[in-house]
There are 2 protein chains.
Amino acid sequence: MSCEDHSIQTLRESGHRLTPQRVLILSVLRRAEGHMTASEVRDHVKESYPYVDASTVYRTLGVLKNLRLISENNITGGESEYEWLHQNRHHHLICRECGELTRLDHRYLASLGTEILEDYGFKADIDHFAIFGLCTGCVSELAARDSERILTG
Amino acid sequence: MSCEDHSIQTLRESGHRLTPQRVLILSVLRRAEGHMTASEVRDHVKESYPYVDASTVYRTLGVLKNLRLISENNITGGESEYEWLHQNRHHHLICRECGELTRLDHRYLASLGTEILEDYGFKADIDHFAIFGLCTGCVSELAARDSERILTG
DNA sequence: CTAGCTGCAAAGCGTTTGCACGATG
DNA sequence: CATCGTGCAAACGCTTTGCAGCTAG
């Protein structure tokens, strides 16, 4: 059974109907590597199905999110980003200075979920974390800028 | 030196001016336990300073965030939430079913930051994580609902 | 003094909602 | 054929921006 079949089955079993729009949105997200915003999803779907409405995209993304077939995260405060939940989960390190995005293997967070479950009985969704910070380049750049400021100021 | 003094000093040193609005917004966030939305901040500030504008609040929150005196997170996709960055850091477990909020001690994530720094040279901001999932109550409730569905359906 | 900050008002933008039509199972 | 999903359009709500006047340093 392919991943796509799995999603379709999940959709069906949960009592949702299978519409062309939903299938397309599913496959767009599946083929995508990494995140997509709602409008990006919409643009891709439009290529093969020109009359999809933004509201349909949002409604579908909501359904898929509730079924935990995709993840949503809103890191910028602007557009939310959606991503297919793969088998080989991973997370992201995002540099808040230059925006560089580094993939972080799931093993860094694997134990966290079980610890929290044991101690709090809380079943954490460790599907896709976005961890902010400073990348190597920006750390040294900022350090250089600071020492310059002290010398000249 | 009190925490408040520290913030004011940081503000000054970074070349920002000290206006009554900024001082008030700072102290509101400092006294608050936990998160506040921008409009909540505004309401509190208005009590002692009735003519603050929302735009001023947003601009100030932006400044404080850049100086890393407060954290911003947008978990709902709706209003962003802002929080004073304490010394004793902590994180939150948020139930995606009932919204229950549990405080998670920083030690669960303390090692993560150093691991990432060692392996990637990435200086992660492990200031305030929001971890979603299901609380104990909702886990069992959902399990009950599922078995019912299988029996009746 | 003068760069930076504020209030005001209006626009911006992602997202949601009401409704009638259409499609799915 | 009953229900659920869709497109359309309009509304919504948080946030941002342009601008003229004010103020901290």
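Worth saying up front: this structure is predicted, and the values here are computed from it rather than measured.

Q: Describe in detail the packing of aromatic side chains, supporting the description with residues and values.
A: Enumeration according to the criterion identifies three aromatic pairs over all chains in this entry. Centroid distance Y108 of chain A to Y120 of chain B: 5.8 Å. Interplanar angle 55°. Geometry classified as tilted. Of the two residues, Y108 of chain A sits in helix α5 (residues 107-120) while Y120 of chain B sits in helix α5 (residues 107-120), which places them in two different chains. The buried category is assigned to Y108 of chain A, whose relative accessible area is 7%. Residue Y120 of chain B is classed as partly exposed on the basis of its relative accessible area of 28%. Positioned over the ring face of W84 of chain A is R30 of chain A, at 5.7 Å from the centre of the ring.

Q: Residue-level account of the packing of helix α2 (residues 20-31) of chain B against helix α4 (residues 54-66) of chain B, with values.
A: Residues and elements named next belong to chain B. Here α2 crosses α4 at 70°, and the two axes come no closer than 10 Å. The angle between α2 and α4 places the two elements in the roughly perpendicular class. Note that α2 runs across α4; the crossing there is right-handed. Residues Q21, R22, I25, L26 and L29 of α2 form the contact with α4, whose participating residues are T56, V57, T60, L61, V63 and L64. Among the residues making up the contact of α2 with α4, the classes are represented as seven nonpolar, three polar and one charged.

Q: I'd like a rundown of the environment of T102 of chain A, residues and numbers included.
A: Assignment of secondary structure puts T102 of chain A in strand β5 (residues 101-105). C-alpha separation for the pair T102 of chain A and H92 of chain A, spaced 10 residues apart in sequence, amounts to 5.6 Å.

Q: For the protein's contact with DNA strand C, give the residues involved together with the corresponding values.
A: Of all residues adjacent to DNA strand C, which total 21 residues, the nearest are L18 and Y58 of chain A together with R17, Q21 and T56 of chain B. Counting only the atoms of DNA strand C that lie within 4 Å of the protein, the sugar and phosphate share comes to 66%. T19 of chain B places a side-chain nitrogen or oxygen 3.0 Å from a phosphate oxygen of DNA strand C. Contacts to DNA strand C include Y51 of chain B, whose backbone N or O atom sits 3.3 Å from a phosphate oxygen. Among the secondary structure elements, those contributing two or more residues to the surface near DNA strand C are α4 (54-66) of chain A together with α2 and α4 of chain B. Considering only residue class, the surface near DNA strand C consists of seven nonpolar, seven polar and seven charged.

Q: An account of the relation of the copies chain A and chain B is needed here, citing residue identities and associated values.
A: When chain A is fitted to chain B, the best match, at an RMSD of 0.2 Å, comes from turning it 180° and sliding it 0.1 Å along the axis. Classification of the inter-copy transformation places it as that of a two-fold axis. Taking C-alpha positions as reference, the residue of chain A nearest the rotation axis is N74 of chain A, located at 3.0 Å. Mapped onto chain B, 100% of the interface residues of chain A are again interface residues, and the two copies thus contact each other with one and the same surface.

Criteria and cut-off values
- Residues numbered from 1 in each chain as written.
- Chains lettered and ligands numbered in written order.
- Predicted model: local features only at pLDDT ≥ 70, side-chain atom pairs only at ≥ 80, totals over all residues.
- Heavy atoms only, no water.
- Phe/Tyr/Trp six-rings, centres within 6.5 Å; stacked < 30°, edge-to-face > 60°.
- Helix = DSSP H or I, 4+ residues; strand = E, 2+ residues; numbered from the N terminus.
- Buried < 20%, exposed > 50% of the residue type's maximum accessible area, 1.4 Å probe, protein only.
- Lys NZ or Arg CZ within 6 Å of the ring centre and 35° of its normal.
- Axes fitted to C-alpha atoms, helices over the stretch in contact; angles between N-to-C directions.
- Parallel < 35°, antiparallel > 145°, perpendicular 65-115°, else oblique.
- Left-handed = near helix turned anticlockwise from the far one by under 90°.
- Contact = heavy atoms within 4.5 Å.
- Nonpolar A, V, L, I, M, F, W, Y, C, P; charged D, E, K, R; others polar.
- Near = heavy atom within 4 Å.
- Polar contact = N/O pair within 3.5 Å; in protein donor to acceptor, adjacent residues only side chain to side chain.
- Least-squares fit on C-alpha atoms with pLDDT ≥ 70 in both.

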